[in-house]
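Read off the chains here:
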Amino acid sequence: MIVSFNYRPRSSLIERLDPRARWIFSILVLFAITMFWDVRFLLFFLALTLGQYLLARLTWRETRRAWYFVFFIMTTMVVVNTLITSSGTIGAVLRGTHTVFFHQFTMPVTGWSWEINLTVERLWFAVTQVVRILSISALFLVIPFTMDPRQYGATFRGMGIPDRLAYTLDLAFRFVPTLGRDFQVTLDAQRARGYEVEKVEGGLLTQIRKMAPLVVPVTMNAILSGEDYANAMDLRCFGLHKRTWIERLAYHWPDYLWIGFGALLLLGSIALSLLGYGKFWVPQILLQ
Amino acid sequence: MEKKSLWSFGTREVVYAAIGAALYAVLSVATNFLQIPAAANVSIRPAVAIPMFFGLAFGPWVGLISGLVGNVISDLVSGYGFWPWWDLGNGLMGFVPGLIYLQMTDFRALSDIIKAEIMVVVGAAVGMFVASISEIWVSGVDFATSMATNFFPSFISNAINGLILVPILMVAYAAVRGRSGR
Amino acid sequence: MDKPENAWLEVEGLTFRYHTRQEPAIQDLSFDLQPGEVMLLAGASGCGKTTLMRCINGLIPKIYRGNLEGQVRVFGKRVNEMSMAELSQSVGTLLQDPERQIVGSYVLNEVAFGLENLGLPRGEILEKVDRTLEYLGISYLRDREVFNISGGEKQKIALAGILVMEPRILLLDEPLASLDPASSHEALQLFRRLADDGISVLLVEHRVDEVLAIQPERVLYLEQGKQVYFGDAQGLLDVVDYRRVKLPARAVLRRARDAEPPPELQPALPPRSAQPLIDFQGVSFRYRPELPDVLHEVNFQVHPGDVIAVLGANGAGKTTLVKHALGLLKPTRGQVLLEGKDTRKLTVAQAAHTLGYVFQSPTQMLYAPTVEEELAFGPRNLSHPPEQIRKDVRWAIQTVHLEPELKSPPLALSFGQQKRVSIAAVLAMRSRILMMDEPTAGQDYWNYRSFMDAILQMPGFEAILFITHDVDLAVIYANRILLVSNGRVAADGPPPEVLRDDERLRACRVLPTSLLELNLELLPQTGRFLRAEALAEYAG
């Protein structure tokens, strides 16, 4: 099958926590991380989120693709930011004064010039960025592997989202395998008519237009089935009352502890940044 | 087919939002899986046309959820994690075209297709801009970098995919639409 | 007809027109449903059965707008004055396709859905769900994922999700459409049991033949929105057009005696010859190395002149088998030769030159803005020259009698027309072998018979192979039967030979029909299998 979820029970500590507690914790920590540009603080968070990653008992094999993806995006962003553009988010400090490498290109004819001025400060900023992106990635990478898809609806309902919206989530998860199978059927049906998706021909526009024989039947079929689903739901009183969710979630003391821990991290981070800590920091040794 | 209001969210909308989200996820995963050769650095991502089209056909909330939840699920299935700001950006790509939902009367008419195409481009621009700007806050890149590495590639690729596939879906939908009595 | 006071459902002079249409969908219907009875509602596509059901379950006028005249009363109350919550606990509706009404990912969530919406306490919901699952004998499915269970079980789960709300009237919309014969039989027995336990069942089905086996108390027959017959089952057999709905073979035989004998079907295939077109040599297959084999050592050939019906239960491996011929799946062991060439060495597109495969549902393949472009898609992929494509498209559209629709969007056509477009799309590729998966699915009796008649008389194919659940289709059209069971070919031969072995058929979950039984009885006189009308002249 083309589409399948990555979740499987792995009897890890992290799975015993209420999913709501985990979402809340993740969001709190995300905000906490974004307060810092000091690599010493960021390393603390990297240790924390990698710790969660390890506690979740994920293997390298499972997450390899995701990490490659993160590395790829991160590398392009950091390299482009460091080499090419001359200013940074956190202002002038990025320009730095300790040049390691300087070169000025001048475009022929136009006369536009473009300087590369690599300073210790900018290189160290790149290092800081990498630590920061990695800690956020490790924080969120865990979710698909350790959260049961059937709990998303009830989880978000439990976080105060209205019934209809929460049920939309449940329903979307319900449709994924069905539509995955439909896609496979349509792919086979078109291949039986000589359609070859792998064949390169024509330009970009032709290539995209070539997706129509796959996309149109799958989409229209899904839209046609939508009416039956809506009827079936109306006939069983969907949306008339506040509904009961048999998928029941209950907070236990570790959940409160987990949320409390997240809150403490965020409050602590806010306090530290108000006190002036956590700004961009370059080790003195490098500046000498 | 009776259209009520731009913002209603009843059973029908719940169903189509869920279908849109699942379709977005399935199409993105499936086209990744098929290894379709990319041309000229623009990736072939037919999935992005789904939230845009669902917005036009079923309203802004359906468009928003199709893109947002669809992106969440497709990242879940691929194991890519959870990236709230990109999810929001993809949602906006469906939300913005959804704003002209009430003006869409004949999905085959040239005038409606042109209106839709304009909204596709605006939606892709708004959605990808919001996501890229968030990258400044999260990753600490500067504006120019975020535009060069995040905004332009994703905007161009999404807009082109949408511009080509949305009209094709609209014409097909015009044919299907008469078959419902709802 | 007089209406006893205690009728659970009363319909009086009911007419309804959708606000999007000109003509009323149903006109002046009047009938009643008694406690604990099974009523069969028979009729071809477009007879108004879906609209009638919507009037009873409240979707009309709550969701679908239009002009409603007359009255529908459930337990003495008018439907349009009842709330959906009240209605759902009086009238339960099982829609045609179980797949398209299951909204929960897991069996437990699906069955609990309605009660969750009513806001019942969790404990009570779980208790009722467990009771309902036990009543239907499917407690073992409780914690399973819906996606991975069989069609027959899916239908039971959908039914459980309705029964759990304790309705006393049950509407069933073509519940047999997606089931194999053995599951249909089981489902019908279950519906009878529900009625015996005090639920009134209104069963919509055009396969009258099979439903009569559970002795419905009364039958309502509609034609184009009008009530043609309402009374006991026996009377129906004398009134209804036996070419429009499927009656028991003996009833057709009796009626056809006085009618013109039907024209003889003349298949347009070449005479049988020995050179195989497709050759399966010891084919075994598994989807992934760690999974068990789904095909075991399959050997058979398709020769020119063959009309092969592939019979077998759901999940027996029929579709897997057929996909091997086209190279959509490649054998794990053994080989498949298509005109002498190993399918492992052919791309699917190359195989498509020889073999046209029509999938079950036309909506899974139609995409183009006009029928003409749809038909040109295949030959264009096969790089046929443009002049030839133009000629073949014209020939294909004429063959399926859809010339006026050449410029219409295929997605706007009726289901039967779409099915013909999907056949024409394969015809236009000029393939030599035609393979069809459930060619009659979703079509009513009249449509599928004229459809199959037309295909067999179409010039251009050297062999035809179709997968079906419908034993009668095999009886009438095939000259060879491939009986598949658990990934093996259980029998292969001419229909009278394969279908005579009652025990083997039942072991393969294929059930003999009244037409088969009658044909076997008359075989000494006829020498071959015939349709019921044609048997009339042989019966004594």
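Engineer: What should I look at first to understand the side chain of Asp112 of chain B in this one?
Structural biologist: Residue and element names in this part refer to chain B. Tracing the backbone through its elements, the reader meets Asp112 in helix 5 (residues 110–139). At 3.0 Å, the side chain of Asp112 forms a polar contact with the backbone nitrogen of Asp106. If we skip the residues at most four places from it in the chain, Asp112 touches Gln103, Met104, Thr105, Asp106 and Met170.

Engineer: For this particular structure, what's the right way to read the domain arrangement of chain A?
Structural biologist: All names here are of chain A. We note that the domain assignment places domain 1 (14–147 + 251–288) and domain 2 (149–248) within chain A. Contacts between domain 1 and domain 2 engage six residues on the former and seven residues on the latter. In this assembly, domain 1 packs against domain 2 so that about 580 Å² is buried in total across both faces, 71% of it on carbon and sulfur atoms. Of all residues in domain 1, the largest losses of buried area upon contact with domain 2 belong to Arg20, Trp23 and Met147, amounting jointly to 73% of the total for that side. In this structure, the connection of domain 1 to domain 2 is made through zero salt bridges. Put simply, domain 1 and domain 2 have zero residue pairs in polar contact (both at pLDDT 80 or more) between them. With four residues, the top contributor of residues to the side of domain 1 that touches domain 2 is helix 2 (residues 19–33).

Engineer: Is there a simple way to think about the interface of chain B and chain A in this case?
Structural biologist: In many reports, interface size means the accessible area that the parts give up when they come together. Each partner contributes residues to the interface: chain B has 69 residues there, and chain A has 76 residues. Buried area between chain B and chain A, both sides added, is near 6,200 Å², and the carbon and sulfur share of it is 79%. It is Leu76, Tyr80 and Phe82 of chain B in chain B that bury the most area against chain A; as a group they hold 10% of the surface buried on that side. Where chain B packs against chain A, one counts four residue pairs in polar contact (both at pLDDT 80 or more). Taken together, the elements giving at least two residues each to the side of chain B that touches chain A come down to helix 1 (11–34), helix 2 (49–58), helix 3 (60–78), helix 4 (84–98), helix 5 and helix 6 (143–177) of chain B.

Engineer: Help me understand the nonpolar core, please; the structure alone is not making it clear to me.
Structural biologist: The tendency in soluble globular proteins is for nonpolar side chains to be buried side by side. Residues Met220 of chain A, Phe54 of chain B together with Leu159, Ile278 and Phe466 of chain C are the most contacted members of the largest nonpolar core, which totals 317 residues. Ignoring sequence-local partners within four residues, the contact set of Phe54 of chain B consists of Thr219 and Ile223 of chain A together with Tyr16, Ile19, Gly20, Leu23, Gly59, Val62, Gly63 and Ser66 of chain B. Core analysis: the next-biggest nonpolar cluster, separate from the first, contains 35 residues, Leu235 of chain A together with Val11, Leu59 and Leu220 of chain C among them.

Engineer: Please clarify how the confidence of the model for chain A should be interpreted in this entry.
Structural biologist: Detailed reading of the predicted model is not advised wherever pLDDT is low. Of the residues in chain A, 89% have a pLDDT of 70 or more, and the chain-wide mean is 84. When the elements of chain A are averaged for pLDDT, strand 2 (residues 113–119) of chain A gives the smallest value, 70, and helix 9 (residues 212–235) of chain A the largest, 95.

Engineer: I tried to follow helix 4 (residues 107–117) of chain C on my own but got confused; where do I start?
Structural biologist: The buried count for helix 4 of chain C comes to eleven of eleven residues, which makes it a mostly enclosed element. By the burial criterion, the buried members of helix 4 of chain C are Val107, Leu108, Asn109, Glu110, Val111, Ala112, Phe113, Gly114, Leu115, Glu116 and Asn117 of chain C. Those residues of helix 4 of chain C that are buried are in contact with helix 7 (163–191) and helix 9 of chain A together with helix 5 (122–135) and helix 6 (151–163) of chain C. Just downstream of helix 4 of chain C, Gly119 of chain C is the residue with a positive phi angle, here 75°.

Engineer: I'm lost on the packing of aromatic side chains in this one. Help?
Structural biologist: Aromatic rings in a pair are described by how distant their centres are and how their planes are angled relative to each other. Residue and element names in this part refer to chain B. Summed over all chains, the structure comprises 45 aromatic pairs over all chains. Each ring, one from Phe129 and one from Phe151, has its centre 6.0 Å from the other, and the planes form 85°; the classification is edge-to-face. With Phe129 in helix 5 and Phe151 in helix 6, this residue pair connects regions lying 22 residues apart in the sequence. By relative accessible area, Phe151 is classed as buried at 8%.

Engineer: Would you mind going over the environment of Ser78 of chain B with me for this structure?
Structural biologist: Residues and elements named next belong to chain B. Examined against the element boundaries, Ser78 turns out to sit in helix 3. Owing to a relative accessible area of 12%, Ser78 belongs among the buried residues under this scheme. Considering only alpha carbons, one finds Ser78 and Asn32, 46 residues apart in sequence, at a separation of 9.4 Å.

What counts and what doesn't
- Residues numbered from 1 in each chain as written.
- Chains lettered and ligands numbered in written order.
- Predicted model: local features only at pLDDT ≥ 70, side-chain atom pairs only at ≥ 80, totals over all residues.
- Heavy atoms only, no water.
- Helix = DSSP H or I, 4+ residues; strand = E, 2+ residues; numbered from the N terminus.
- Polar contact = N/O pair within 3.5 Å; in protein donor to acceptor, adjacent residues only side chain to side chain.
- Contact = heavy atoms within 4.5 Å.
- Domains from an automatic or database assignment.
- Buried area = accessible area lost by both parts, 1.4 Å probe.
- Salt bridge = Lys/Arg side-chain N within 4 Å of Asp/Glu carboxyl O.
- Core = buried A, V, L, I, M, F, W, Y, C linked by side-chain atoms within 4.5 Å.
- Buried < 20%, exposed > 50% of the residue type's maximum accessible area, 1.4 Å probe, protein only.
- pLDDT = per-residue confidence, 0-100.
- Phe/Tyr/Trp six-rings, centres within 6.5 Å; stacked < 30°, edge-to-face > 60°.

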